Amino acid sequence: MARTIVVGYDGSVGAHHALEQAVELAKLEGARVVVVFAYEIPAAYGGETGDYRRAVRELAEETTAAAVPFLEAAGVEYGIELVPERPVQGLVDVAEKTGASMIVIGSNGEHPIKGVVLGSVPHKLLYVSPVPVLVVPNPVE
């Protein structure tokens, strides 16, 4: 069975850099890439919440669909997972489910103190992930 690399993807510049890095690693290792869009949705309390849930799901589908041409052009085996959980828990759950060897995630360029105080996904993953986490910084432009 091929190794699996999970990559957090939300369509941001940082997420795309993480996807690029995950694909390069997958090519080196002959690994499969699983693109994960994890999103928290509120409990259902009425019609508006249902509309919100559908809108977020549609956004997740559109965002991950935009990554598919890049994955296909790269020639790597891939999968897409849309996970209605908080991003950290969603990434960890998919990593455990797929037996991933690594989680790759982009950095949004937050100041480290802001990430600690407000809670950034990369920072939290470093502490809770059962597998290594690669945080890919945004390139200096």
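Residues numbered from 1 in each chain as written. Predicted model: local features only at pLDDT ≥ 70, side-chain atom pairs only at ≥ 80, totals over all residues. Heavy atoms only, no water.

A. The arrangement of the environment of Val7 in detail. Mapped onto the secondary structure, Val7 falls in strand S1 (residues 4-8). Its relative accessible area of 0% is what places Val7 among the buried residues. A C-alpha to C-alpha distance of 6.2 Å links Val7 and Val34, two positions 27 residues apart in sequence. With residues up to four places along the chain from it excluded, the contact list for Val7 reads Ala18, Leu19, Ala22, Val33, Val34, Val35, Val36, Leu91 and Val104. (Helix = DSSP H or I, 4+ residues; strand = E, 2+ residues; numbered from the N terminus. Buried < 20%, exposed > 50% of the residue type's maximum accessible area, 1.4 Å probe, protein only. Contact = heavy atoms within 4.5 Å.)

B. Spatial organisation of the pairing of strand S2 (residues 32-38). With six of its seven residues buried, S2 lies for the most part within the structure. At this point the chain moves from S1, through helix H1 (residues 13-29), to the parallel S2, and the crossover so formed is right-handed. Note that S2 and strand S3 (residues 78-83) share six bridges and pair parallel. Each residue of the ladder has a partner; that of Val34, found in S3, is Gly79. (Right-handed = clockwise from strand over helix to strand, strands pointing away. Pairing = 2+ DSSP bridges.)

C. Looking closely at the confidence of the model for the chain. The predicted model of the chain has a mean per-residue pLDDT of 87, with 84% of residues at 70 or higher. Contacts from residues 111-118, a stretch scored under 50 in pLDDT, to residues over four places away or in other chains number four contacts. (pLDDT = per-residue confidence, 0-100.)

D. Inspection of the packing of helix H3 (residues 87-98) against helix H5 (residues 121-128) at higher detail. Running from N to C, H3 and H5 cross one another at 45 degrees; their axes reach a closest spacing of 9 Å. With respect to their mutual orientation, H3 and H5 come out oblique. With respect to the hand of their crossing, H3 and H5 are arranged in right-handed fashion. The segment H3 lies against H5, with Pro87, Val88, Leu91 and Val92 engaging Val121, Lys124, Leu125 and Val128. Of the residues that constitute the contact of H3 with H5, the class distribution is seven nonpolar, no polar and one charged. (Axes fitted to C-alpha atoms, helices over the stretch in contact; angles between N-to-C directions. Parallel < 35°, antiparallel > 145°, perpendicular 65-115°, else oblique. Left-handed = near helix turned anticlockwise from the far one by under 90°. Nonpolar A, V, L, I, M, F, W, Y, C, P; charged D, E, K, R; others polar.)

E. Spatial organisation of the nonpolar core. In this structure, Ile5, Val7, Leu19, Val33, Val35, Leu71 and Val104 are the most contacted members of the largest nonpolar core, which totals 20 residues. Listed by contribution, the elements that provide at least two residues to this core are S1, H1, S2, helix H2 (47-74) and strand S4 (102-106). Here this core takes seven residues from H1, the largest share from any one element. Excluding residues that lie within four positions of it along the chain, Ile5 makes contacts with Ala22, Leu25, Ala26, Glu29, Ala31, Arg32, Val33, Val34, Ser101, Met102 and Val104. Val34, Leu91, Ile103 and Val131 belong to the second-largest nonpolar core, a separate cluster that totals 16 residues. (Core = buried A, V, L, I, M, F, W, Y, C linked by side-chain atoms within 4.5 Å.)

F. Just the sheet that holds strand S5 (residues 133-136), in detail. Strand order in the open sheet formed by five strands is S3-S2-S1-S4-S5, and the pairing between neighbours is parallel. Two strands bound the open sheet, and with one partner strand each, they are S3 and S5. Pairwise comparison of adjacent strand axes, ignoring direction, gives a mean angle of 25 degrees for this sheet. Bridge analysis of S1 against S2 gives five bridges, and the strand direction is parallel. Considered in S2, the bridge of Thr4 is made with Arg32. In the packing of H1 onto the sheet, contacts are made with S1, S2, S4 and S5, and the angle to S1 comes to roughly 175 degrees. Strands in contact with H3 are S1, S2, S3 and S4; relative to S1, the strand with the most contacts, it is inclined by about 165 degrees.

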